[in-house]
Amino acid sequence: MKATKIRFDRFLYLFFVSLVYIFLLTPLVIVVIAAFNSGKYLAFPPEGFSLKWFKNFFQSQPFMDALKVSLKLGVLTMICVTILGTTAALYVVRHAKKWKNFLRLTMISPLLLPAILTGIALLVFYYIIGIGTRTFLGLLMGHVLITLPYAFLNVYSSLYNFNRSLEEAARSLGASQLKTFFRITLPLIKPGVISGAMIAFIVSFDQFPISLLLKGVGRTTLPCQLFDYILWDFDPTAAAVSTVSIAITLGVVLLTEKLVGLDSLRW
Amino acid sequence: MKSSAAHRSIFRNPLFLILPSILILICFLLLPYITMVVMSFRTPSTSKPYAPGFTLSNYMKALTDPYYLNVLSNTLLFGFITTIVCLALGYPVAYHLARIKSRYKGLLYVGILSPLLAGVVIRCYGWIVLLADNGLINDLLRKTGMIQSQVHLMYNYLGVGIGLVHVYLPFMILPILGNIQGIDPALEAAARSLGASKIKSFFRIVLPLSLPGIQSGTILVFVLTISAYVIPILLGGFKVMIMPTLVVQQILESFLWPFGAALALIMFAATVLIIFLYIKIMARLMRGVVG
């Protein structure tokens, strides 16, 4: 009697846990199904296979422009924060003494403030100092700010357990400081640098609140364009856009896995 | 020759490594926030974003008008409920994943992380396809004869709540998961062997030791929820008014920058105060439990 009760409790618990997994994954699966479904509304059973929503997407000028802006923004952001984050992490781990904790907190502070608030602050600031609230540079700096903590944290954690004797060996054998960095240090912290860069790209590519407040006319990003679209129309073109966007992100993740393995990832 | 040596010694200074990042944080984070604080004391104007002169009237208006106070308390209450639901759904999943010894463990971990691969707009769209009046759930319910007319699942608090819980659930699961993984299973085994039931050993051993994970997860979800902008608009359809929506409306549509800034800062201050009190309470709960 007692054994059956325990087995039943266990069953309920596992059932509940599986429901939560289904809850987490369903919307994404549904989006992908809707993108390949020929009907305007996803009904049960599905009406048939079609690629017309993808065709709609690739023929839509606003969406293609937005995709280009998002990719350009993501790549530029990634390059900037990888350099900034890596050098900053090097300083905080190796040279900062009593300021270490303060500097670490400063570097991750953009993560601790709500993005929508930071967006408003930047908008007001750009207007006041007169560099314009709708420039590409302004948008780029917003993205750099938001993604810098991720690049920093990833390099930081790979530097933390770093064995410095290899560097000392290179130096004592006559390598310059710069050469030691590129031949010894960088290859060893590569996993952290690459994961940081990849996360920075993904976060920038999916970023919404900052872009909403700082985007310019004709310079809207893919998430913003998608938002404007589904505000008025639910047709599956949005599903095709979402599917392509998920595929790009997934491609970046698989690339990271292939280059350095996902174990080094720090969200 | 001499100048080039001096040049090199300046760049040898390691401070140069972090200087660019610090400058960016000062110019694009610290100064903008200071500007926003100053803006919140500016005189409103009808023709420009703001007029010259300073005033306290923005704060007076925001803190005395029942409408704005109502939106603020709604936002905080909504954030509180979402956080509790996320905890209730997320804790069992985190515990299960922390203790499982299956070769599918990696796959389950990917299952929790994968929603993070799609942006928040995309995840909202997924819920729209499911929850809309002519969406999949309504369609299924009609065809199975469970309902006659449509059930409104979105453009109300329910839809926004579902979206918020879905988007921020991973941020609850991950810290708790990390925490429980650090608790030695031998402690539970010891309690069991001394005669405690499974339930009792959970409540006396695992739950108290996982309080730090619960604290991180709840703070993260609460902060993210009350500053969410996309979900309340797409799944609430302007029928659910919460602070971020109100603030952006004041700034982008009404061009009332000083008032918008004041509202944003009031919300920020309320959040900081709540988290401060919460950490104090949790510290008391954790005293003597977690070293």
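Residues numbered from 1 in each chain as written. Chains lettered and ligands numbered in written order. Predicted model: local features only at pLDDT ≥ 70, side-chain atom pairs only at ≥ 80, totals over all residues.

Along the backbone of chain B there are 14 helices and two strands. What you see for chain B is a C-alpha radius of gyration of 25 Å, clearly larger than the 19 Å of a compact globule of 291 residues, by over 25%. Expressed as lengths along the three principal axes of its C-alpha atoms, the size of chain B is roughly 75 × 70 × 40 Å. Relative to its 291 residues, chain B shows a buried fraction of 42%. A fraction of 72% describes how many contacts in chain B between residues 6 or more apart in sequence connect residues 24 or more apart. (Helix = DSSP H or I, 4+ residues; strand = E, 2+ residues; numbered from the N terminus. Rg over C-alpha atoms; globule rule 2.2 N^0.38 Å. Buried ≥ 20, exposed ≤ 12 C-beta atoms within 10 Å, placed from the backbone. Contact = placed C-beta atoms within 7 Å.)

This part covers the overall build of chain A. The helix and strand tally for chain A stands at 11 helices and zero strands. In sequence order, chain A lays out its α and β elements as α-α-α-α-α-α-α-α-α-α-α. Oriented by its inertia axes, the alpha-carbon framework of chain A measures out at about 70 × 70 × 30 Å. Sorting the 267 residues of chain A into buried and exposed places 43% on the buried side.

Once that is clear, we can look at the interface of chain A and chain B. The accessible area lost on association of the parts is a frequent measure of interface size. On the side of chain B, 58 residues touch chain A, which itself brings 59 residues to the contact. Counting only elements with at least two residues in the side of chain A that touches chain B, the list comes to α1 (2-36), α3 (61-94), α4 (100-112), α5 (115-129), α6 (136-160), α10 (222-232) and α11 (237-260) of chain A. The element best represented in the side of chain A that touches chain B is α1(A), accounting for 13 residues.

This brings us to the packing of helix α4 (residues 66-99) of chain B against helix α14 (residues 257-286) of chain B. To describe two helices that pack against each other, one gives the angle between their axes and the distance between the axes. Residue and element names in this part refer to chain B. For the pair α4 and α14, interaxial distance at closest approach is 11 Å and the crossing angle is 40 degrees. When the axes of α4 and α14 are compared, the pair comes out oblique. α4 and α14 meet at a crossing whose hand is right-handed. Touching Tyr68, Leu72 and Leu76 of α4 are Leu263, Ile266, Met267 and Ala270, all from α14. Class assignment of the residues belonging to the contact of α4 with α14 gives a composition of seven nonpolar, no polar and no charged. (Axes fitted to C-alpha atoms, helices over the stretch in contact; angles between N-to-C directions. Parallel < 35°, antiparallel > 145°, perpendicular 65-115°, else oblique. Left-handed = near helix turned anticlockwise from the far one by under 90°. Nonpolar A, V, L, I, M, F, W, Y, C, P; charged D, E, K, R; others polar.)

A separate point is the domain arrangement of chain A. All names here are of chain A. The domains assigned to chain A are domain 1 (1-50) and domain 2 (51-264). With centres defined by C-alpha atoms, the gap from domain 1 to domain 2 works out at 33 Å. Counting from both sides, the interface comprises nine residues of domain 1 and, opposite them, 10 residues of domain 2. The residue makeup of the side of domain 1 that touches domain 2, split by class, is five nonpolar, three polar and one charged. (Domains from an automatic or database assignment.)

This next bit is on the nonpolar core. Ranked by internal contacts, the top residues of the largest apolar core, which has 153 residues, are Ile120(A), Ile128(B) and Val230(B). Examining the composition of this core, we find that 14 residues originate from one element, helix α8 (residues 157-181) of chain B, more than from any other. With sequence-adjacent residues up to four places away left out, Val230(B) is seen in contact with Phe208(A), Phe227(A), Val120(B), Val121(B) and Cys124(B). (Core = buried A, V, L, I, M, F, W, Y, C linked by C-beta atoms within 7 Å.)

Next up on the list: the environment of Glu168(A). All names here are of chain A. Structurally, the position occupied by glutamate 168 is in helix α7 (residues 165-172). Look at glutamate 168 and you get exposed, because 12 C-beta atoms sit within 10 Å. In the structure, glutamate 168 is positioned 80 residues away from alanine 88 in sequence and 21 Å away in space, judged by C-alpha atoms.

Further remarks concern the environment of Lys5(A). Relative to the helices and strands, Lys5(A) resides in helix α1. Counting along the chain gives 196 residues from Lys5(A) to Phe201(A), while the straight-line C-alpha distance between them is 50 Å.

Relative to each other, α3(A) and helix α2 (residues 15-39) of chain B sit at 115 degrees, their axes nearing to 7 Å. Classified by chirality, the crossing of α2(B) by α3(A) is left-handed. Contacts between α3(A) and α2(B) involve Leu84(A), Thr87(A), Ala88(A), Leu90(A), Tyr91(A) and Val92(A) on the former and, on the latter, Leu17(B), Ile18(B), Pro20(B), Ser21(B) and Ile24(B). The residue makeup of the contact of α3(A) with α2(B), split by class, is nine nonpolar, two polar and no charged.

Our focus in this paragraph is α2(B). All names here are of chain B. End to end, α2 covers 33 Å across 25 residues, agreeing with the expected 36 Å (1.5 Å per residue, within 8%). Of all bends in α2, the biggest is about 35 degrees, found at isoleucine 26. What α2 keeps buried is the set Ile18, Ser21, Leu25, Phe28, Leu29, Pro32, Tyr33, Thr35, Met36 and Met39. (Expected span 1.5 Å × (residues − 1). Bend = angle between axes of the 7 residues up to and from the residue.)

What follows is about the confidence of the model for chain B. Residue and element names in this part refer to chain B. Averaged over all residues, the pLDDT of chain B is 89; the fraction at 70 or higher stands at 95%. Highest mean pLDDT in chain B belongs to α4 (95); lowest belongs to helix α1 (residues 2-12) (52). Residue range residues 1-6 is modelled with pLDDT below 50. Its contacts to residues more than four positions away, or to other chains, number zero contacts. Prediction confidence for the complex, expressed as pTM and ipTM, is 0.88 and 0.87 respectively. (pLDDT = per-residue confidence, 0-100.)

What follows deals with helix α13 (residues 243-253) of chain B. Among the 11 residues in α13(B), eight count as buried, and that is most of the element. Looking only at α13(B), the buried set comprises Met243(B), Pro244(B), Thr245(B), Leu246(B), Val247(B), Val248(B), Gln250(B) and Ile251(B). Those residues of α13(B) that are buried lie in contact with α5 of chain A together with α4, α11 (211-226), α12 (230-236) and α14 of chain B. Just downstream of α13(B), Phe255(B) is the residue with a positive phi angle, here 55 degrees.

Another point: unusual backbone geometry. Residue and element names in this part refer to chain B. Positive phi outside glycine occurs at tyrosine 155, with the angle close to 65 degrees. Here tyrosine 155 is to be found in the loop between α7 (136-143) and α8. Residue class for tyrosine 155 comes out partly exposed when judged on the 19 C-beta atoms lying within 10 Å of it. For phenylalanine 255, which is not glycine, the phi dihedral falls at a positive 55 degrees.

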